[in-house]
Amino acid sequence: MMHTTLKALLAGAVLLTAGAAAKAQEEIIFGISAANGSLQERTASEFAKRANEKLGDKAVVKVFDSSQLGKDKDMLQKIKLGTMHLTLPSSTMPEIAPEYALFDLPFMVKDRDHLARIDETLFKDVLVPAAEAQGYRPLAIWENGFRQITNNERPINTPADLEGLKIRTPNSSWRVAMFQAYGANPTPMSFSEVFVALQTGVIDGQENPLTNIAAGKLDEVQKYLSMSGHVYSPAYPTVGIATFEKLDPEIQTVLAETAQEVATWAREQGASADGELLQKLKDGGMEVNEADRQAFIDASKPLYEKFASEVEGGQEMIDKAQSLADGS
């Protein structure tokens with residue numbers, strides 16, 4: 001009887017110890033608005049996989065995609081309040097700090113190598129401090145991708161073809177200004193609402209990287225895909241500084257280092273998937289055309305003037321980014 005009691009006590013002690021260990025494991029909540037299967041979601045999942053391998057029993061990163069935890073604006077608030085740890089804003093970042101509208105300047109980013117050079121200089125020296133002043137810390141620049149235009153009315157060859165079309169944009173005042181300059185009727189809304197809005201005719205079209213168009217199954221509700229490449233849109237794995245700094249320093253280091261590590265993976269994935277995604281959308285029935293790049297560049301000049309005049313140090317940022325286009 002005594003032997004049995006001792007065994008029971010020991011078993012209970014083991015269970016209590018295991019329970020305490022499980023309880024001690026920090027849950028790192030990572031909420032994103034992008035759809036399952038998009039490059040943003042796959043990058044977030046790759047980040048979680050790599051970070052969890054390094055964290056061991058110390059913490060576990062859990063990813064919630066497709067706006068399960070709210071829209072971008074909601075999730076940015078949550079990482080500040082501490083009910084979430086990480087989120088992945090993209091086009092909404094200029095609403096946090098106007099310096100991020102650099103990436104809303106059409107044709108600013110020549111290619112992914114150019115983006116990598118901007119990452120090494122302007123991101124660390126200018127963009128990160130601008131967000132930190134608002135209580136946020138982006139840990140890296142991940143890929144969202146080069147944005148293209150889809151709609152149900154006609155192929156878009158020049159900005160004139162956008163005249164009067166209701167085009168969904170992200171909730172970004174800079175993207176709204178861009179499509180106003182092109183003659184469209186921009187309609188900001190969250191990506192999670194876009195499919196139904198297109199299906200019901202609330203909007204005529206939208207603009208997004210191929211990865212989001214494919215993951216969102218927009219080929220099912222859009223006829224024309226116009227390859228404009230008007231903006232390279234980054235995504236930023238971002239923490240609220242106050243919440244982040246409450247984490248164990250070891251956890252902070254793993255998250256920050258892994259975010260940087262995965263940035264290169266994301267760009268490689270984006271580059272390799274472009275052709276495959278385009279073919280997939282063609283197979284889905286979309287009619288594809290190449291837009292007149294120069295016509296869009298000419299129509300974009302007011303955006304550069306707006307950035308230079310409204311954003312502190314804006315012209316210097318433009319000059320620096322453009323000087324990096326060819327590796328100089």
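Residues numbered from 1 in each chain as written. Predicted model: local features only at pLDDT ≥ 70, side-chain atom pairs only at ≥ 80, totals over all residues. Heavy atoms only, no water.

Caption draft 1: Inspection of the overall build of the protein chain at higher detail. When helices and strands are counted, the protein chain shows twelve helices and twelve strands. A principal-axis box enclosing the C-alpha atoms of the protein chain has dimensions of 90 × 45 × 30 Å. Counting only contacts in the protein chain whose residues sit at least 6 apart along the sequence, the fraction spanning at least 24 positions is 76%. With an accessible surface of roughly 14400 Å², the protein chain has 52% of that area assigned to carbon and sulfur atoms. Of the side-chain charges in the protein chain, 32 are positive and 46 negative, and the distance between the mean point of each set is 4 Å. (Helix = DSSP H or I, 4+ residues; strand = E, 2+ residues; numbered from the N terminus. Contact = heavy atoms within 4.5 Å. Areas by Shrake-Rupley, 256 points an atom, 1.4 Å probe, with all protein chains shown as cover. Lys, Arg positive; Asp, Glu negative; His and termini not counted. Charge placed at Lys NZ, Arg CZ, Asp CG, Glu CD.)

Caption draft 2: Main features of the packing of aromatic side chains. Counted under the stated rule, the structure contains nine aromatic pairs. Taken together, a centroid distance of 5.7 Å and an interplanar angle of 85 degrees make the contact between Phe30 and Phe47 edge-to-face. Note that Phe30 is positioned in strand S1 (residues 26-31) and Phe47 in helix H2 (residues 39-55), a separation of 17 residues in sequence. With respect to class, Phe30 is no different from Phe47; both count as buried. Seen in terms of ring centroids, Tyr182 and Phe296 are 5.1 Å apart; in terms of plane orientation they differ by 90 degrees. Their pairing is edge-to-face. Taken together, the residues span a long stretch of sequence, with Tyr182 in the loop between helix H5 (173-181) and strand S7 (185-188) and Phe296 in helix H10 (residues 293-299) at a distance of 114 residues. Both residues of the pair, Tyr182 and Phe296, belong to the buried class. Positioned over the ring face of Trp174 is Lys306, at 4.7 Å from the centre of the ring. (Phe/Tyr/Trp six-rings, centres within 6.5 Å; stacked < 30°, edge-to-face > 60°. Buried < 20%, exposed > 50% of the residue type's maximum accessible area, 1.4 Å probe, protein only. Lys NZ or Arg CZ within 6 Å of the ring centre and 35° of its normal.)

Caption draft 3: Representation of the pattern of salt bridges in the model. Considering all chains together, one arrives at 19 salt bridges under this definition. Note that Glu193 and Lys71 form a salt bridge whose closest N and O atoms lie 2.7 Å from each other. Remark: Lys71 occurs in the loop between strand S2 (59-64) and helix H3 (72-81) and Glu193 occurs in the loop between S7 and helix H6 (194-199); sequence separation between them is 122 residues. The network of salt bridges with shared partners includes Glu46, Lys49, Arg50, Lys54 and Glu261. (Salt bridge = Lys/Arg side-chain N within 4 Å of Asp/Glu carboxyl O.)

Caption draft 4: Quick look at the pairing of S2. Where S1 lies against S2, six bridges are found, and the strand directions are parallel. Note on S2: the bridge partner recorded for Glu27 is Val60. Handedness of the crossover joining S1 and S2 through H2: right-handed. (Pairing = 2+ DSSP bridges. Right-handed = clockwise from strand over helix to strand, strands pointing away.)

Caption draft 5: Looking closely at the sheet that holds strand S11 (residues 238-240). Here five strands make up an open sheet; going across it, the order is S2-S1-S3-S11-S4 and the pairing mixed. The sheet is open, and its two borders are formed by S2 and strand S4 (136-138), each paired with just one other strand. Of the pairings in the sheet, the one linking strand S3 (residues 86-87) to S11 comprises two bridges and is antiparallel in character. Residue pairing in the sheet places Leu86 in a bridge with Val239 of S11. Along the sheet, H2 contacts S1, S2 and S3; its crossing angle with S2, the most-contacted strand, is approximately 170 degrees. (Axes fitted to C-alpha atoms, helices over the stretch in contact; angles between N-to-C directions.)

Caption draft 6: Geometry of the environment of Asp298. Residue position: Asp298 is located in helix H10. Here Asp298 falls in the partly exposed class, since its relative accessible area comes to 42%.

Caption draft 7: Up close: unusual backbone geometry. Located in the positive-phi region is Ser66, a residue other than glycine, with phi close to 55 degrees. Along the polypeptide, Ser66 turns up in the loop between S2 and H3. At Lys217, a position not held by glycine, the phi torsion is positive, near 55 degrees. Tracing the backbone through its elements, the reader meets Lys217 in the loop between helix H7 (210-215) and strand S9 (224-227). On the accessibility criterion, Lys217 (46% relative accessible area) is partly exposed.

Caption draft 8: Structural context of the pairing of S7. Pairing between strand S6 (residues 166-169) and S7: four bridges, direction parallel. By the bridge assignment, Thr169 is partnered in S7 with Pro188. Taken together, S6, H5 and S7 constitute a β-α-β crossover, and its handedness is right-handed.

Caption draft 9: Molecular detail of helix H11 (residues 301-310). The complete set of buried residues in H11 reads Leu303, Tyr304 and Phe307. All buried residues of H11 lie within an arc of 100 degrees about the axis, which places them on one face of the element. Residues of H11 that are exposed and point over 90 degrees away from its buried face: Lys301, Glu305, Ser309 and Glu310. Packing partners of the buried residues in H11 comprise H5 and helix H12 (314-323). (Arc of directions from axis to C-beta.)

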